[in-house]
Amino acid sequence: MHRRTLIVTAVAAEADSVAGGLTTPARPGGELPVPGGLVLRRYETADVLVGGVGPAAVAAATGAALTRAALVGEPYGLVVSAGIAGGFPGRAPLGSLVVSDAIVAADLGADTADGFVPVEELGFGRSVHPVPAGLTRPVAAALAAAGLPHTTGTVLTVSTVTGGAARAEQLAARHPGAVAEAMEGFGVAEAAAAHGTPVLELRAVSNAVGPRDRAAWRIGDALDALRHAVTAVESTLSEARPCS
């Protein structure tokens, strides 16, 4: 069964890459305003939304778009958090793609004398959104079929981008399955979960998680990789069965 997808990015450059990768035409009207001063770019298979930077802004934006869609009787079948990301060295190299099998709020919890305690252990809510294999597997297969280098694993959401070796090592040790970090996935996932909509995170690696070295970042290459990835997975997103 075909279904339309909401693809949420943090910034316009990412949305431009996503839109550039879509092969289906724009829907009549092209753009649609969403509460909060947001604009949906509408295509036959997907809508593209610039939701803002960080989990709070993007959760509010995603929720607004999902609510609008539900009220007009056009609910989405899938939400995708897409953009560039930092890749953990040895796990996700520069220019490669990452497909989430889990979306984790890595810094949602408490620091204690015994180390970091996730929010679940404090008795407040959740910090993990598992992604069904019925989503992860076909998307990864579509990237493989297109010859695009990719990794499947946990994508961490952080409110402060990692800029040092010590924190990178802590995150990698605390989350052995983590392959990348970004700033929006968990916010998108929370909004999608509130609407009962499946969610996936798709990222292109622009830099290594660790000491901050802007000269080594490859943002342009990552945006190109994201565009190619969207082209490769466009039909898969509309057909994947998340419960399988």
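Residues numbered from 1 in each chain as written. Predicted model: local features only at pLDDT ≥ 70, side-chain atom pairs only at ≥ 80, totals over all residues. Heavy atoms only, no water.

**Student:** Honestly, the packing of aromatic side chains in this entry has me stumped. Any pointers?
**Tutor:** Centre-to-centre distance and the angle between the planes together describe a pair of aromatic rings. Taken as a whole, this structure holds 0 aromatic pairs when the rule is applied. Above the ring of phenylalanine 88, the side-chain terminus of arginine 91 is found at 5.6 Å from the ring centroid. (Phe/Tyr/Trp six-rings, centres within 6.5 Å; stacked < 30°, edge-to-face > 60°. Lys NZ or Arg CZ within 6 Å of the ring centre and 35° of its normal.)

**Student:** I keep staring at the pattern of salt bridges and nothing clicks. Help me out?
**Tutor:** A side chain of one charge can pair with a side chain of the opposite charge if their charged atoms are brought near each other. Here the structure, examined in full by the defined rule, presents 10 salt bridges. A salt bridge links arginine 203 to glutamate 184; the shortest N-O distance between them is 3.3 Å. Taken together, the residues span a long stretch of sequence, with arginine 203 in strand E12 (residues 199–208) and glutamate 184 in the loop between strand E11 (178–182) and helix H6 (185–194) at a distance of 19 residues. The class of arginine 203 is buried, set by a relative accessible area of 1%. Residue class for glutamate 184 comes out buried when judged on its relative accessible area of 5%. Across the pair glutamate 201 and arginine 203 runs a salt bridge, and its minimum N-O distance is 2.8 Å. The exposure class assigned to glutamate 201 is buried, which follows from its relative accessible area of 0%. A single network of salt bridges, built from pairs that share partners, joins Arg4, Arg27, Arg42, Asp47 and Glu74. (Salt bridge = Lys/Arg side-chain N within 4 Å of Asp/Glu carboxyl O. Helix = DSSP H or I, 4+ residues; strand = E, 2+ residues; numbered from the N terminus. Buried < 20%, exposed > 50% of the residue type's maximum accessible area, 1.4 Å probe, protein only.)

**Student:** Explain the environment of glutamate 120 here, please?
**Tutor:** Looking at the secondary structure, you find glutamate 120 in helix H3 (residues 119–122). Accessibility expressed as a relative area gives 33% for glutamate 120, which makes it partly exposed. Once residues within four sequence positions are removed from consideration, glutamate 120 is found in contact with Gly125, Arg126, Ser127 and Val128. (Contact = heavy atoms within 4.5 Å.)

**Student:** I keep staring at the layout of surface pockets and nothing clicks. Help me out?
**Tutor:** To locate leftover empty space, one rolls a probe as large as a water molecule over the atoms. Taken as a whole, the largest pocket spans an internal volume of roughly 390 Å³. If you go around the largest pocket, you meet 21 residues; those closest to its centre are Glu14, Ile84, Ala85, Val161 and Met183. At the level of secondary structure, the elements contributing two or more residues to the lining of the largest pocket comprise helix H1 (12–21), strand E5 (78–87), E11, E12 and helix H7 (219–239). In terms of residue class, the lining of the largest pocket is built from 13 nonpolar, 3 polar and 5 charged. (1 Å grid on protein atoms, 1.4 Å probe; cavity = no way out; pocket = protein on both sides within 12 Å on 5 of 7 lines; lining within 4 Å. Points joined across faces, edges and corners; volume = space filled by probe spheres on them. Nonpolar A, V, L, I, M, F, W, Y, C, P; charged D, E, K, R; others polar.)

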